[in-house]
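# Structural characterization, general
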Amino acid sequence: MIDPALWSPIRLTLELATVSTLALLVIGTPIAWWLARSRAPWKDAVAAIVALPLVLPPTVLGFYLLIALGPNGPGGVIGGLFGLRSLAFTFEGLVIGSVIYSLPFVVQPIRNAFAAFGDRPLEVAATLRAGPWDAFWSVALPLARPGLVTGAVLGFAHTVGEFGVVLMIGGNIPGETRVLSVAIYDFVETLQWREAHLLSAGLVVFAFLVILSMMLVEKRLGRRSGL
Amino acid sequence: MSGGDRLSVALSGRVGGFALDAAFAAPVSGVTVLFGPSGSGKTTILRAIAGLARIGGRVAMGPEIWQDDERGTFVKPHRRPIGTVFQEASLFPHLSVRGNLDFAAKRAGPRAREEFDAIVALLGITPLLPRSPAALSGGERQRVAVGRALLTAPRLLLMDEPLSALDRATRQEILPYLERLPEERGIPIVYVTHDVAEVARLGDRVVVIDGGRVQATGSVEEVFEDVDLHLGGERAEDSVVVGAQVVRTDAAFGMTRLDLAGQILSVPFSGLADGSEVRLRIRARDVSVALDRPKAISVRNVLSATVERIVADPDTAFAEALLSVGPVRLRAQLTREAVAELGLAPGQDVFALVKSVSFDQRPFAPPGASG
């Protein structure tokens with residue numbers, strides 16, 4: 001049962017999803033905060049850019065990412081600093097692609113959570129001597145917890161299920177970029193039905209558990225945060 | 001805190017579609033009430049004092065300048081030594097009651113932390129400490145909010161209609177706690193309300209605000225006895241607020257006798273100790289006037305008085321008489337017809353019949369007040 005051909009893509013996918021989720025939270029939370037609180041006129045344009053991956057075919061995103069991460073793009077320059085010729089077809093490149101691709105799924109629930117509690121808790125925090133940075137950590141983040149949990153779960157799950165972008169920028173390098181969705185595609189192409197079944201059924205169960213647990217968590221947190 | 005400090009506020013500007021142009025100064029002691037109908041701008045003034053709303057002008061307390069647009073000074077709200085209680089308690093739902101209080105105490109100086117137990121006991125919230133804000137009643141939440149504001153060791157406490165979201169019974173439950181604050185904690189309060197009864201009960205001085213402007217300023221006695229002013233916009237609320245002293249209690253009839261400017265006023269048994277100071281609110285509609293001392297009448301309180309002024313309202317049937325009872329003034333609501341038939345005129349000696357008074361135990365002007 002512990003066939004390395006099966007195990008390697010599972011492990012790689014979990015690694016990719018974990019690293020991507022952490023990066024998504026670190027990048028997505030300040031963006032969500034800014035989108036929820038800013039009154040800048042170009043805020044909606046930024047929101048639209050963040051939401052682009054919802055509409056674009058993954059191949060379009062993957063195509064541009066391939067160019068950006070390639071030897072002649074900014075990704076190649078950054079990769080050069082670490083002795084790489086390019087970031088395309090690397091694990092790091094996959095993380096970058098996943099973060100951009102899953103960003104709207106993380107930003108939206110966090111932004112909604114920030115917007116939901118309004119100005120009052122932050123005003124109260126200020127009258128209790130908490131500066132803006134203090135209030136963000138001690139009031140805004142705890143109050144936005146249901147949104148943060150939802151964002152993290154969606155980001156993780158969405159990264160696990162990603163296919164088009166990975167195929168475009170990662171290819172199919174075992175142990176490096178050969179994640180679950182690509183592996184399943186490969187098994188089907190080569191008529192390895194048993195392996196394709198195992199991984200596919202596993203993902204169905206995984207998706208079900210993710211959605212169920214998210215609903216339960218939301219229900220519990222929603223009840224707790226009721227004033 | 002030095003007794004001579006004054007809170008001075010001068011604000012002018014537009015907030016949304018609303019023009020505000022208000023200036024007042026008040027001694028930093030006791031309770032200063034910002035009174036006005038909803039939409040008059042009083043809450044905006046309070047928010048500007050707290051630094052939560054930005055309106056052009058100047059806000060200072062004694063030597064401390066919190067905002068002065070001419071000098072480009074604007075102290076951020078979290079750097080102002082002010083505690084604020086909002087209309088809704090606005091407790092942090094992710095923290096317990098103790099967590100909410102600790103939030104304030106942690107960020108205030110060590111003195112505030114030492115006061116934790118005293119403040120919690122003062123507000124009667126000790127048994128609530130482990131609870132979640134969601135499990136509290138409206139009145140309990142507001143008490144915790146007051147305690148949380150006090151734990152910031154403020155030098156000024158702002159309260160924005162802290163009782164208006166509560167039902168009548170809950171208000172009565174909280175009022176005694178609020179009444180004790182200025183004396184027991186020595187913290188001056190700026191209190192926003194549109195409720196005349198709260199002004200009469202809590203205020204030491206009043207700033208009357210309407211349409212974004214200051215209509216009148218003065219002590220509670222002064223503002224209430226101004227017959228040209230109808231606080232709350234209706235005659236039914238016209239009243240005076242006066243100080244009196246409990247003389248003795250008549251247990252057999254269940255009456256308390258009060259000394260009002262040298263004359264005796266009888267009220268239903270109050271449970272107050274002899275000698276204690278009370279403040280009375282006497283409504284104009286509860287005061288009648290007679291030329292002779294009436295005999296055989298159920299009204300208990302007949303005070304000799306002198307007519308000081310009569311203001312007739314030609315648009316209605318009513319006229320109001322300002323009466324002096326020694327140094328104290330009463331307002332009496334009469335009909336214009338009665339004024340004409342009795343031939344009432346300033347300087348005339350009359351008898352004031354007082355049908356009812358409401359009172360509470362808070363004397364005027366806390367110790368050391370300069371107002």
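Residues numbered from 1 in each chain as written. Chains lettered and ligands numbered in written order. Predicted model: local features only at pLDDT ≥ 70, side-chain atom pairs only at ≥ 80, totals over all residues.

This part takes up the overall build of chain A. Along its length, chain A carries eleven helices and zero strands. Element order for chain A, N to C, with α for helix and β for strand: α-α-α-α-α-α-α-α-α-α-α. Across the 227 residues in chain A, those meeting the buried criterion constitute 38%. Here the contacts in chain A between residues at least 6 apart in sequence split such that 71% fall between residues at least 24 apart. (Helix = DSSP H or I, 4+ residues; strand = E, 2+ residues; numbered from the N terminus. Buried ≥ 20, exposed ≤ 12 C-beta atoms within 10 Å, placed from the backbone. Contact = placed C-beta atoms within 7 Å.)

This next bit is on the domain arrangement of chain B. Many descriptions give the size of an interface as the accessible area lost when the pieces come together. All names here are of chain B. The domains assigned to chain B are domain 1 (6–233) and domain 2 (239–360). Domain 1 and domain 2 are separated by 33 Å when their C-alpha centres are compared. For the side of domain 1 that touches domain 2, the elements supplying multiple residues, two or more each, are α7 (196–202) and α8 (220–224). Among the elements that make up the side of domain 1 that touches domain 2, the one with the highest residue count is α8 (three residues). (Domains from an automatic or database assignment.)

All names here are of chain B. Read from one edge to the other, the open sheet built from five strands follows the order β16-β20-β17-β18-β19, with strand pairing classed as antiparallel. Edge positions in the sheet fall to β16 (287–290) and β19 (328–335), since each has one partner strand and no second. Averaged over all pairs of adjacent strands, the angle between strand axes in this sheet comes to 45°, irrespective of strand direction. As judged from the six bridges shared by strand β17 (residues 301–312) and strand β18 (residues 318–325), these two strands associate in the antiparallel manner. In the sheet register, Arg309 faces β18, and the bridge partner there is Leu322. (Pairing = 2+ DSSP bridges. Axes fitted to C-alpha atoms, helices over the stretch in contact; angles between N-to-C directions.)

Right, let's talk about the pairing of strand β4 (residues 57–61) of chain B for a bit. Residues and elements named next belong to chain B. Covered by surrounding structure in β4 are Gly57, Val59 and Met61 only, the residues Arg58 and Ala60 on the alternate face being uncovered. Sheet topology places strand β1 (residues 6–15) next to β4; five bridges connect them, and they run antiparallel. In the sheet register, Leu7 faces β4, and the bridge partner there is Met61. With four bridges connecting them, β4 and strand β5 (residues 64–68) associate as antiparallel partners. Looking across to β5, one finds that Arg58 is bridged to Asp68. The antiparallel hairpin formed by β4 and β5 contains two residues in its connecting segment, where Gly62 sits at a positive phi of about 55°.

Of the residues lining the interface, 19 residues belong to chain B; the matching set on chain A comes to 16 residues. At the level of secondary structure, the elements contributing two or more residues to the side of chain B that touches chain A comprise β7 (82–85) and α2 (97–107) of chain B. Here the residues of the side of chain B that touches chain A are counted per class, giving eleven nonpolar, six polar and two charged. (Nonpolar A, V, L, I, M, F, W, Y, C, P; charged D, E, K, R; others polar.)

All names here are of chain B. Located in the positive-phi region is Ala261, a residue other than glycine, with phi close to 50°. Relative to the helices and strands, Ala261 resides in the loop between β13 (255–260) and β14 (263–268). Phi is positive for Ala296, close to 50°, though the residue is something other than glycine. In this structure, Ala296 sits in the loop between β16 and β17. Residue class for Ala296 comes out exposed when judged on the 4 C-beta atoms lying within 10 Å of it.

Turning our attention to the packing of helix α5 (residues 91–116) of chain A against helix α8 (residues 145–160) of chain A. Residue and element names in this part refer to chain A. Remark: α5 packs on α8, axes separated minimally by 8 Å, with the N-to-C direction vectors making an angle of 160°. When the axes of α5 and α8 are compared, the pair comes out roughly antiparallel. Every pair of crossing elements has a handedness; the one defined by α5 and α8 is right-handed. Between α5, through Ser98, Ser102, Phe105, Val106, Pro109, Ile110, Asn112 and Ala113, and α8, the contact on the second element is made entirely by Pro146, Gly147, Leu148, Thr150, Gly151, Leu154, Gly155, His158 and Thr159. Residue composition of the contact of α5 with α8, by class: eight nonpolar, nine polar and no charged. (Parallel < 35°, antiparallel > 145°, perpendicular 65-115°, else oblique. Left-handed = near helix turned anticlockwise from the far one by under 90°.)

Moving on, we come to α8 of chain A. When the terminal C-alpha atoms of α8 of chain A are compared, their 22 Å separation across 16 residues agrees well with the 22 Å that a helix rising 1.5 Å per residue should span. The element α8 of chain A is largely enclosed, with a buried count of 14 among its 16 residues. (Expected span 1.5 Å × (residues − 1).)

Moving on: the pairing of β1 of chain B. Residue and element names in this part refer to chain B. Direction of pairing for β1 relative to strand β2 (residues 18–27): antiparallel, over a ladder of ten bridges. Counted as the bridge partner of Leu11 is Ala22 from β2. Connecting β1 to the antiparallel partner β2 that follows it, the hairpin turn spans two residues, and Gly16 within it adopts a positive phi of roughly 60°.

Residues and elements named next belong to chain B. The sheet built from five strands is open, its strands ordered β2-β1-β4-β5-β6 with antiparallel pairing. Looking at the sheet topology across the chains shown, the edges are occupied by β2 and β6 (73–74). Of the strands in this sheet, β1, β2 and β4 are in contact with helix α1 (residues 42–50), which crosses β1 at around 115°.

What follows is about the environment of Leu167 of chain A. Residues and elements named next belong to chain A. Inspection of the secondary structure assignment puts Leu167 in helix α9 (residues 164–169). Residue classification places Leu167 among the partly exposed positions, given that 18 C-beta atoms sit within 10 Å. In the structure, Leu167 is positioned 163 residues away from Pro4 in sequence and 21 Å away in space, judged by C-alpha atoms.

Let us now look at the confidence of the model for chain B. Residue and element names in this part refer to chain B. Per-chain confidence: chain B averages 88 in pLDDT, with 96% of residues scoring 70 or above. Below pLDDT 50 for its whole length, residues 365–371 participates in 23 contacts with residues either more than four positions away or in separate chains. Note on the complex model: pTM 0.84, ipTM 0.83. (pLDDT = per-residue confidence, 0-100.)

Below, the discussion takes up the packing of α2 of chain B against helix α5 (residues 138–150) of chain B. Residue and element names in this part refer to chain B. α5 packs onto α2 with a crossing angle of 25° between their chain directions and a minimal axis gap of 8 Å. On the basis of the axis angle, α2 is roughly parallel to α5. At the point where α2 passes α5, the crossing takes the right-handed sense. Packed against α2, whose contacting residues are Val97, Asn100, Leu101 and Ala104, the element α5 presents Val144, Gly147 and Arg148 at the interface.

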